[in-house]
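Topology and contacts: notes
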Amino acid sequence: MSSMTAPNHSDPSSIGGHLRVLEWRGSDPDLLEEVVSGSHGAAERLFERFAPDINRVVWKLLGADAEHDDIVHDIFVIVWRLMSAGRVSKPESLASWVVAVAVHTVQKEIRKRSVRRRLLGLEKPNMPTSETLDVESRDLLARVYEILDGLPAAERIAFSLRYLDQRSLAEVAELTECSLATAKRRIKRAEQRFTTHAQRYPDVAQLVSRSALGDDP
Amino acid sequence: MSGFDRLGSLVEGTLGAPPASRLEEQRRRFLAHTAVPVVTSSRRWSPWLLVAAGVAVVLTAGGVAEMVRSKSPEAPVASARVEAPEPYDRWLEGGRDTGNVELIKGAVVVLSREARCRAQGLRGAAPRVTLEGGRVEADLTPVPGRRWTFLAGAYQIVVLGTAFSIDYDPASGALDVGVRRGRVRVGGGELGANGITLDAGQTFRAEGKSVTFGAEPPLPSSSAVVRDEGPKPSVVRPAQAAAPQWRAAFENGDYASALAAAELEGFESLVGRLGPSELSDLADSARLSGSSSRARQALLSLRGRFVGTQSASRAAFLLGRMEGSPRWFETYLQEQPQGPYAAEAAGRLVVAYRDHGDPGRAQTAAERYLAQYPTGPYADLAHSLLGRPRSGR
């Protein structure tokens, strides 16, 4: 997650021969200022800046979930509200903060679904619904995410950030707001549970079997 | 690669990314959400609190100006929590609400007799005044984290802490904006989303497709808002110097004119006496108008005169970009390891060492970059310089 690049002024365009339009320029702290000030167009700039990051995280953590767009919208609403209220204490870390909000929101959703399944016993695990996949790939993904649905939320998030979103341990700790040791512990436990549950599905078990030998750094 | 790494690669390759069409729908939905003010559960209206003098805003017809954020990088970013006042949603009419009307503490407005506007202060949103017609003069005290938005017709005026006037004629759609103290940003209508900035002493008029600039003397900071009985109230304004020409041109995005004006005023003199934010703007004027030598002169002056400031560090980053020199990126990273350009500087450092024919330092920089930004835009380059595939960890 990198901050926006340094100011980028393109040649301003003329309007009616009298005015010149100033192009947006600035880093994430500048964007925060725009949102806090309620500047015209700030919402759109916020979306442009963080839609890729938020979509990526939700897509990876939940798979091609049927409620993906609703969850992304919820995250943007939360981010917008908190930014507008001046709740960002480190403007220079805005990108990390936004992704952390996304992770937190997804974790809450995972817990909610887990409770619904336990209490109501009616809802099947949410299967990836990407229509671009072939049957075999879709089935494999469905099994992976079914296994993930069986993990405790905090462990699933840490595991998914680490391996599915390919984050470093430090990033996992930062995004889940825990210590590095805690992040490592959660990931390790998730690995053990995942390996155990994967025994139901030979193809998945075979895929992760080498990690059970302790070769994971 | 561990089994779980393989799992991650498999998911990455199989799952892909959300289709672009979904992002468009997400954007539409989010922008629709932010366009609707969120009104909290019904509460009694709080009495308006008079706002201390600091910014007087006169809202005239049709236009909304955006407030310009502070240019000083040394000023703390408005990130502190500001206790929001009680939500309010109130209609004001000049014929009924006479004299100084306090919207909330620190915000006073005076309406012309025919003016009618709606003032809203809603949770999680900047306070807003929507002018249906007539003239409003306002005096607003700047509060960290809170900026006012005035809407009139197709325009938006955002105010930090300013004295200005806005006249809106809904029949003709004509809009006049005049800044007497501070700064405002006008956007929307013919100006587009980003709009323009008006400093003290500048005026703006929009009528149909035509927009024009003018100048008028700004107010002294201690002036009071006085209601004018006529249809267009005016305030006695003592003659004062207008904003520097190079700054006005810079704010309009006319960087060549800004540099030319600065040359007329004495570039060396400016470089020696401007404050950090203005000197940074002067450097940008030179850089963006293509004058590398003048840009370098201004940036080096920033480095020498304002040691330890964010402006000075930013100058180092820009010097690195201009020259492709590793030492400036190293300097920035030493001074601002968590700064807003840190990621970019770390990546450009890899490129700079490579381009300078220093593979050893390029690899060291690549290792550092990957340790901090494993999925950053320079990750592929870093991996290639280290001679290992992207997925290897």
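Residues numbered from 1 in each chain as written. Chains lettered and ligands numbered in written order. Predicted model: local features only at pLDDT ≥ 70, side-chain atom pairs only at ≥ 80, totals over all residues. Heavy atoms only, no water.

Examining the overall build of chain B
Scanning chain B for helices and strands turns up 12 helices and 13 strands. A fraction of 59% describes how many contacts in chain B between residues 6 or more apart in sequence connect residues 24 or more apart. Carbon together with sulfur atoms contributes 54% to the accessible area of chain B, which is approximately 16,400 Å² in total. (Helix = DSSP H or I, 4+ residues; strand = E, 2+ residues; numbered from the N terminus. Contact = heavy atoms within 4.5 Å. Areas by Shrake-Rupley, 256 points an atom, 1.4 Å probe, with all protein chains shown as cover.)

Here we look at the overall build of chain A
Helix and strand counts for chain A come out as nine helices and two strands. Each helix (α) and strand (β) of chain A, taken in turn from the N terminus, gives the series β-β-α-α-α-α-α-α-α-α-α. Burial statistics for chain A: of 217 residues in total, 57% are counted as buried. (Buried < 20%, exposed > 50% of the residue type's maximum accessible area, 1.4 Å probe, protein only.)

Describing the side chain of Glu-344 of chain B
All names here are of chain B. Along the chain, the position of Glu-344 falls in helix H10 (residues 342–355). The exposure class of Glu-344 is buried, given its relative accessible area of 7%. Of the polar contacts made by the side chain of Glu-344, one reaches the side chain of Tyr-378; its length is 2.9 Å. (Polar contact = N/O pair within 3.5 Å; in protein donor to acceptor, adjacent residues only side chain to side chain.)

Points about helix H12 (residues 379–386) of chain B
Inspection of H12 of chain B places Ala-379, Leu-381, Ala-382, His-383 and Leu-386 of chain B among the buried residues, and these make up the whole buried set. Directly after H12 of chain B, the chain includes Gly-387 of chain B, whose backbone phi takes a positive value near 70 degrees.

Considering the packing of aromatic side chains
If you walk through the whole model with that rule in mind, you get 14 aromatic pairs over all chains. Seen in terms of ring centroids, Trp-80 of chain A and Phe-30 of chain B are 6.0 Å apart; in terms of plane orientation they differ by 85 degrees. Their pairing is edge-to-face. Taken together, the positions of Trp-80 of chain A in helix H3 (residues 68–84) and Phe-30 of chain B in helix H2 (residues 20–35) put the pair across two chains. Like Phe-30 of chain B, Trp-80 of chain A is buried. Their ring planes at 85 degrees and their centres at 5.8 Å tell us that Tyr-369 of chain B and Tyr-378 of chain B sit as a pair that is edge-to-face. The buried category is assigned to Tyr-369 of chain B, whose relative accessible area is 0%. Ring-pair connections join several aromatic residues into one group, and the members of that group are Phe-47, Phe-76 and Trp-80 of chain A together with Phe-30 of chain B. Geometry around Trp-246 of chain B places Arg-247 of chain B over its ring, the cationic atom sitting 5.4 Å from the centre. Directly above the ring of Trp-328 of chain B sits Arg-327 of chain B, whose terminal nitrogen or CZ lies 4.1 Å from the centroid. (Phe/Tyr/Trp six-rings, centres within 6.5 Å; stacked < 30°, edge-to-face > 60°. Lys NZ or Arg CZ within 6 Å of the ring centre and 35° of its normal.)

Re the pattern of salt bridges
Pairing of side chains with opposite charge becomes possible as their charged atoms draw close. Counted by the stated rule, this structure contains 42 salt bridges over all chains. Across the salt bridge formed by Asp-28 of chain A and Arg-49 of chain A, the nearest N and O atoms sit 2.8 Å from each other. Residue Asp-28 of chain A is found in helix H1 (residues 28–37), and its partner Arg-49 of chain A is found in helix H2 (residues 42–62); the two are separated by 21 residues along the sequence. Each member of the pair, Asp-28 of chain A as well as Arg-49 of chain A, carries the same accessibility label: buried. Between Arg-294 of chain B and Glu-263 of chain B there is a salt bridge, and its shortest N-O distance comes to 2.8 Å. Highlighted residues: Arg-294 of chain B in helix H7 (residues 292–305) and Glu-263 of chain B in helix H4 (residues 255–265), separated in sequence by 31 residues. Taking relative accessible area as the criterion, Arg-294 of chain B reaches 17% and is therefore assigned buried. For Glu-263 of chain B, a relative accessible area of 34% gives the class partly exposed. What emerges from the salt-bridge pattern is a single network uniting Asp-65, Glu-67, Glu-109, Lys-112 and Arg-113 of chain A. (Salt bridge = Lys/Arg side-chain N within 4 Å of Asp/Glu carboxyl O.)

A word on the nonpolar core
Among the nonpolar cores identified, the biggest contains 68 residues, and Phe-50 and Phe-194 of chain A together with Leu-7 of chain B are the most heavily contacted of them. Per-element tally for this core: the top contributor is H2 of chain A, with 12 residues. Ranked by size, the runner-up nonpolar core spans 50 residues in total, among them Leu-259, Leu-274, Ala-316 and Tyr-373 of chain B. (Core = buried A, V, L, I, M, F, W, Y, C linked by side-chain atoms within 4.5 Å.)

A short note on the confidence of the model for chain B
Parts of the prediction with low pLDDT should not have their coordinates interpreted in detail. Residues and elements named next belong to chain B. Of the residues in chain B, 69% reach a pLDDT of 70 or more, and the chain-wide mean stands at 73. In the predicted structure, residues 38–84 sits below a pLDDT of 50 and forms 236 contacts with residues beyond four places in sequence or in another chain. Scored below 50 in pLDDT, residues 217–242 makes 53 contacts in the model with residues more than four places away or belonging to other chains. (pLDDT = per-residue confidence, 0-100.)

Some remarks on the environment of Val-144 of chain A
Take Val-144 of chain A: it is sitting in helix H5 (residues 135–149). The sequence separation of Val-144 of chain A and Gly-63 of chain A amounts to 81 residues, and the corresponding C-alpha distance is 9.5 Å. Setting aside residues up to four positions removed in sequence, Val-144 of chain A forms contacts with Phe-194 and Val-204 of chain A together with Leu-7 and Val-11 of chain B.

Details of the packing of H10 of chain B against helix H11 (residues 359–372) of chain B
Residue and element names in this part refer to chain B. As a packed pair, H10 and H11 sit with axes 8 Å apart at the nearest point and diverge in direction by 160 degrees. The angle between H10 and H11 places the two elements in the roughly antiparallel class. Considering the relative orientation of H10 and H11, their crossing is left-handed. Of the residues in H11, those touching H10 at Ala-343, Ala-346, Gly-347, Leu-349, Val-350, Tyr-353 and Arg-354 are Arg-361, Ala-362, Ala-365, Ala-366, Arg-368 and Tyr-369. Here the residues of the contact of H10 with H11 sort into nine nonpolar, one polar and three charged. (Axes fitted to C-alpha atoms, helices over the stretch in contact; angles between N-to-C directions. Parallel < 35°, antiparallel > 145°, perpendicular 65-115°, else oblique. Left-handed = near helix turned anticlockwise from the far one by under 90°. Nonpolar A, V, L, I, M, F, W, Y, C, P; charged D, E, K, R; others polar.)

Points about the packing of H7 of chain B against helix H8 (residues 310–323) of chain B
Residue and element names in this part refer to chain B. Following both chains from N to C, one finds H7 and H8 inclined at 150 degrees, their axes separated by 8 Å at the closest point. As far as their axial angle goes, H8 and H7 are roughly antiparallel. Crossing of H7 over H8 shows left-handed handedness. For the pair formed by H7 and H8, the contact residues are Ser-292, Ala-295, Arg-296, Leu-299, Leu-300, Leu-302 and Arg-303 on the first element and Ser-311, Ala-312, Ser-313, Ala-315, Ala-316, Leu-318, Leu-319, Met-322 and Glu-323 on the second. Residues of the contact of H7 with H8, tallied by class, amount to 10 nonpolar, three polar and three charged.

Details of the environment of Val-101 of chain B
In this fold, Val-101 of chain B is placed in strand E2 (residues 101–104). When the C-alpha positions of Val-101 of chain B and Ala-138 of chain B are compared, they lie 9.1 Å apart, and in sequence the two are 37 residues distant.

Looking at H11 of chain B
Residue and element names in this part refer to chain B. Given a rise of 1.5 Å per residue, 14 residues ought to cover 20 Å, and the 20 Å separating the end C-alpha atoms of H11 matches this to within 8%. The set of residues buried in H11 consists of Ala-362, Ala-365, Ala-366, Tyr-369 and Leu-370. Looking down the long axis of H11, one finds its buried residues gathered within 135 degrees of arc, a one-sided arrangement. Contacts made by the buried residues of H11 are with H10 and H12. (Expected span 1.5 Å × (residues − 1). Arc of directions from axis to C-beta.)

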